[in-house]
Amino acid sequence: MQPNRPVAPGRPPSQQYSPFSVPASATASRPFLPGPTQPMRPEQPPSQPVYPPGASVQGFSVHSASSTPLAGSEQNYPRATPPVRSNGPVAPFQLSPNLPPPRGGAASFFHPAPGGPVIGQPIMPPSGSSAVQQIAPTSGPRLPLVASSASVPMAPPPQAASYMSLGGNFPPPPIQSSSEYPLGRTSLIPSSASPMPHSVNQPHQGGQGGQVPFFAQRTSFPSPQPGIPAQQHLTQQGGPLGYAGAVPQPPMLSSYMDAQKARAPPSYPMAGPPAGGIQGLVEEFQSLSVGSVPGSVDAGVDPNLLPRPLDEADLEGTSSSSIYVSNCLPRHLRFTTNAIPNSQSLMARWHLPLGAVVHPLAEAPNGEEIPVVDFGSSGIVRCRRCRTYVNPYVTFTDGGRRWRCNVCSLLNDVAGEYFAPLDINGRRRDADERPELSKGSVEFVAPTEYMVRPPMPPLYFFLIDVSLSSIRNGMLKVAAETIKSSLDKLPGFPRTQIGFLTFDSALHFYNLKSSLTQPQMMVVADLDDPFVPLPDDLLVNLSDSRHVVEALLDSLPSMFEENTNIESAFGPALKAAFMVMSQLGGKLLIFQSTLPSLGFGRLKLRGDDPRIYGTDKEHTIRIAEDPFYKQMAADLTKYQIAVNLYAFSDRYTDIASLGTLAKYTGGEVYYYPSFHANLYKEKFSHELARDLTRETAWEAVMRIRCGKGVRFTTYHGHFMLRSSDLLALPAVDCDKAFAMQLTLEDTLMTTQTVYFQVALLYTSSSGERRIRVHTMAVPVVTDLGEMYRNADTGAIICLLSRLAIEKTLSHKLEEARHVIQLRIVRSLQEYRNLFAVQHRLSGRLIYPESLKLLPLYGLALCKSLALRGGFADAHIDERSAAGFNMMIIPIKKLLKLLYPSLSRLDEYLLKGEDDGKASLQRLVLSAERLDPRGAFLYDDGFRFVLWLGKVLPAEFVKNLLGVEAANSPDLSKLPVIEQNNELSRKLLATLKTLRERDPAFYQHCYLLRQGEQPREGSLLLFNLVEDQIAGTSGYVEWLLQIQRQVQQK
């Protein structure tokens, strides 16, 4: 049975409080595919243990829309539309003394012992304390180090409170201490015109003494002049980043970095400050002072002490397993905060995205597997109303004869085959023996009623460009060799189906019937109305026709080696492939080297006009030029066909248009600019082989259910929406993640827990219909401080990145960058305001421990290839490919891409054998770390860059890379191959180990010599996100901008 054709457009986008205007291509204009859906109206979940009452919080209201009316089985209950409220000021509040002490806290906070503060030894604050880490303003006298205080009730701010701006020649207002409100621990930075020692022993007000660390010198920045707004002040200094009074770096590093800046492309403006101030609520925080007095030689902060993700643990997600032990693991489902606001007014003060990132098929570490549950003929146990699958949070009653759904609270009968008695606690006696009642992630074997047709076999169809460019760059030969070597590893044996179609200015079909000894090629030259000859023999069973398929792959390179055709009939070829595959579906792998030039879907050169940047038409070069591709994507999804695009060219190939095929079919874009087989064979071969051999979920659909009062409004990733909440995924694998935004349906929620359940229904390669289910419980909170303490920076950045990339499809790049900065500023404003009620914090940037890396990742996101600069900063195809890539990769992969690792390699390789267990030490991403006497390895998860300093000993380079590399001035065309010495073997082993940590992509190693331009800039220096280069902010300068904007009222 085949589903109906897609119709467009879909439902209108949700009206939710967000600076992002989600582009129509991501939400409203995404074609909807009609299909069977499951009823999922949630009801009131069962009551949970009541938390102590918290503060009564009022704040901004949010424009909220009721959920889209659903047809058929989805429309089970009437929904009342919440009243539309306008944004208004936050009312003063009084925190309830009954609020429970906060959980967790800052892992890096220090707490002074009775005899004096201990420096360098982390000691957790006592439960309920308001742990504080502050860095004092750089002007004025140093404040003393004082003990941390207990959690205190907060009162409305004084009506006549005044706050001093950062950077003036004034001491900060003193922080008053009393027996009721003792001061928190404060780390201070002295600042004056005279040199200061590395540490200062000074007693504090409480009579205790201790060392107070301060930060080394760097550059200085002027404070805003009186009467001049911050943005005007920045502009007068030569742009947002042009600060006066900068102090030179040490001579060697200064001359090197100055040379790079001199060769950098022209600057572009960063995001400006937001308008208006936001008030808010907060408890625990850290603080940081950045800035200095005009003309002062003292730096505001030592960059070495800023928070950075230099540990692998920083990439992992937080979990609420301590509260809900049966939750699925964070690698499958992560929320931007593990605390749901109880009201729309509270949600309006959470200025960061509220949502989740789902990675349904994430690979488990060795030895861990998701349990498989087969209910047999009795059928899967589900709620008969909301269709939630049985999970650890359902409760059994009536002696085990009935169970209550945790999502909608409906009582369901227990089938006789599933019955088990209850123990004295009301828990099933066999709960620990049943994975579905004890594990947050399980996989159910689906019976026949979950199938609309027999399970499809794994099907791979190859659409290959054989024009002149494909022959010259060696793509055709490498592709044929890799496909042949992967035939034994294709999943689904003996059911696997395979087919081929090649094209240049004509279409070439191949008869692979098993009775043949050699394949037969049939040429179709009619591009206006292509047809399929011998439709029954173009797709064959691989096990039956293996010898014919291998004969074709052996002959393809030689068959077209003399081809001089430079045309590309890609559109007609795509149409023909669709006609061949439409009976079964499957995975369509496209290998494209030439801009489509013939037939429908032909494209033209665009995006090479720099004048379009900065205008209202800038976004048009980042979306599909021809609607043919979006319509084809809808048709392909309808027939369960997923597209993976492999693009090879050093010229413009319009990835923005071709990538649309992958975007709406759940596929992926692989882009190899300036591809040549001699250099990039291993990368292309590895990634194609993984695509062919990794376990794939076929003809899949995914839905995420949630409890009463909340709903998901927008979805972000590569998929097609079949209904308002059903994602159609013709093929999905372990390397793809999906993001979605959450909103509240009710003005005030009365439950203490919200349950979420992700369900992925798919066909396995073995032909079995399966349902992968992940369940998570999240607490509902009344305190904004709880939301901040439970924030997940990785999930926030993942959702922010996808929203920003989608914004570039309808707005200018500068606007997308501005929104990222605006959201960070507003969130830190909100977090700062509560503590400012009790303490005057002029000159400090206040941030929660959970979000200590948010400013750095926000800066890295603005500098990423998809969002950076303008016309001169990235090729339009590379920018589009990076955007497609960032829309699907999981959180951990994204964070590694945004803040790559930089390690000194020469010292590591020269260590003895007895130190073999040592690992590469990660360094700060700054050119200051690049020693001309050393070799450094840069790794962003997609490529390696091996940087060789100018004065690195020639003998070391010769042993490491060979004689040619030691003597050649141009390393761009030299591969890294093993030499006959221990140093080279250790290098290759190190690279292999790093690649095996994440096999999704192969990191090709680029060789780079210091001063080799423009390669040094494009491959490395532009990606050192903490430096000021090409007119962008460095890390310290970015913090200064954020701090100034946070202080604006």
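In this text, all values refer to a predicted model and were calculated from it rather than measured experimentally.

Moving on, we come to the overall build of the protein. Per the secondary structure count, the protein includes 23 helices and 34 strands. In the protein, the share of contacts with a sequence separation of at least 24, taken over all contacts with a separation of at least 6, comes to 78%. Counting only carbon and sulfur atoms, one obtains 53% of the accessible surface of the protein, whose full area is about 39,600 Å².

Turning our attention to the pattern of salt bridges. Taken as a whole, this structure holds 45 salt bridges when the rule is applied. Of the charged contacts, one joins glutamate 368 and arginine 331 as a salt bridge, the two residues approaching to 3.0 Å between their closest N and O atoms. Here the residue glutamate 368 occupies a position in the loop between strand 9 (355-358) and strand 10 (372-373), and arginine 331 occupies one in the loop between strand 6 (285-288) and strand 7 (333-335), the gap between them amounting to 37 residues. According to the relative accessible area criterion, arginine 331 is partly exposed, its value standing at 28%. We note a salt bridge from glutamate 907 to arginine 904, for which the minimum N-O separation is 3.6 Å. Using a relative accessible area of 46% as the deciding quantity, one classes glutamate 907 as partly exposed. Beyond isolated ion pairs, a larger network of salt bridges with shared partners links Glu363, Lys587, Glu668, Arg690, Asp691, Arg694, Asp733, Asp735 and Lys736.

This part covers the sheet that holds strand 24 (residues 710-716). Taking strand neighbours across the sheet as the criterion, the four strands line up as 7-9-27-24 in an open arrangement whose pairing is antiparallel. One side of each edge strand has no neighbouring strand; the edge strands of this open sheet are strand 7 and strand 24. Strand-to-strand twist of the sheet, defined as the mean angle between neighbouring strand axes without regard to direction, takes the value 25°. The strands touched by helix 13 (residues 793-807) are strand 7, strand 9, strand 24 and strand 27 (738-744); relative to strand 27, the strand with the most contacts, the crossing angle is about 95°.

Moving on: the environment of aspartate 528. In this structure, aspartate 528 sits in the loop between strand 18 (520-524) and strand 19 (540-541). The class for aspartate 528 is exposed, based on a relative accessible area of 67%. Measuring from C-alpha to C-alpha, the distance between aspartate 528 and glycine 599 comes to 6.3 Å, with 71 residues separating the pair along the chain.

What follows deals with the state of the cysteines. The tally for this structure, following the rule as stated, stands at zero disulfides. Left without a disulfide partner, cysteine 405 is nearest to the cysteine sulfur of cysteine 386, which lies 3.5 Å away.

Okay, the environment of cysteine 1005 next. Mapped onto the secondary structure, cysteine 1005 falls in strand 34 (residues 1004-1009). The exposure class of cysteine 1005 is buried, given its relative accessible area of 5%. As a C-alpha pair, cysteine 1005 and phenylalanine 944 span 61 residues in sequence and 4.4 Å in three-dimensional space. The residues contacting cysteine 1005, other than those within four sequence positions of it, are Phe944, Leu946, Val976, Leu991 and Arg995.

In the structure shown here, the tally under the stated rule is 34 aromatic pairs. Relative to tyrosine 646, the ring of phenylalanine 591 has its centre 5.1 Å away and its plane inclined at 15°; by these criteria the two rings are stacked. Within this pair, whereas phenylalanine 591 is found in strand 20 (residues 586-592), its partner tyrosine 646 is found in strand 21 (residues 641-649), the two being separated by 55 residues in sequence. Overall, the relative accessible area of 0% leaves tyrosine 646 in the buried class. A cation over a ring is seen here: lysine 893 above phenylalanine 942, with NZ or CZ 4.9 Å from the ring centre.

Calculation criteria
Residues numbered from 1 in each chain as written. Predicted model: local features only at pLDDT ≥ 70, side-chain atom pairs only at ≥ 80, totals over all residues. Heavy atoms only, no water. Helix = DSSP H or I, 4+ residues; strand = E, 2+ residues; numbered from the N terminus. Contact = heavy atoms within 4.5 Å. Areas by Shrake-Rupley, 256 points an atom, 1.4 Å probe, with all protein chains shown as cover. Salt bridge = Lys/Arg side-chain N within 4 Å of Asp/Glu carboxyl O. Buried < 20%, exposed > 50% of the residue type's maximum accessible area, 1.4 Å probe, protein only. Pairing = 2+ DSSP bridges. Axes fitted to C-alpha atoms, helices over the stretch in contact; angles between N-to-C directions. Disulfide = S-S within 2.5 Å. Phe/Tyr/Trp six-rings, centres within 6.5 Å; stacked < 30°, edge-to-face > 60°. Lys NZ or Arg CZ within 6 Å of the ring centre and 35° of its normal.

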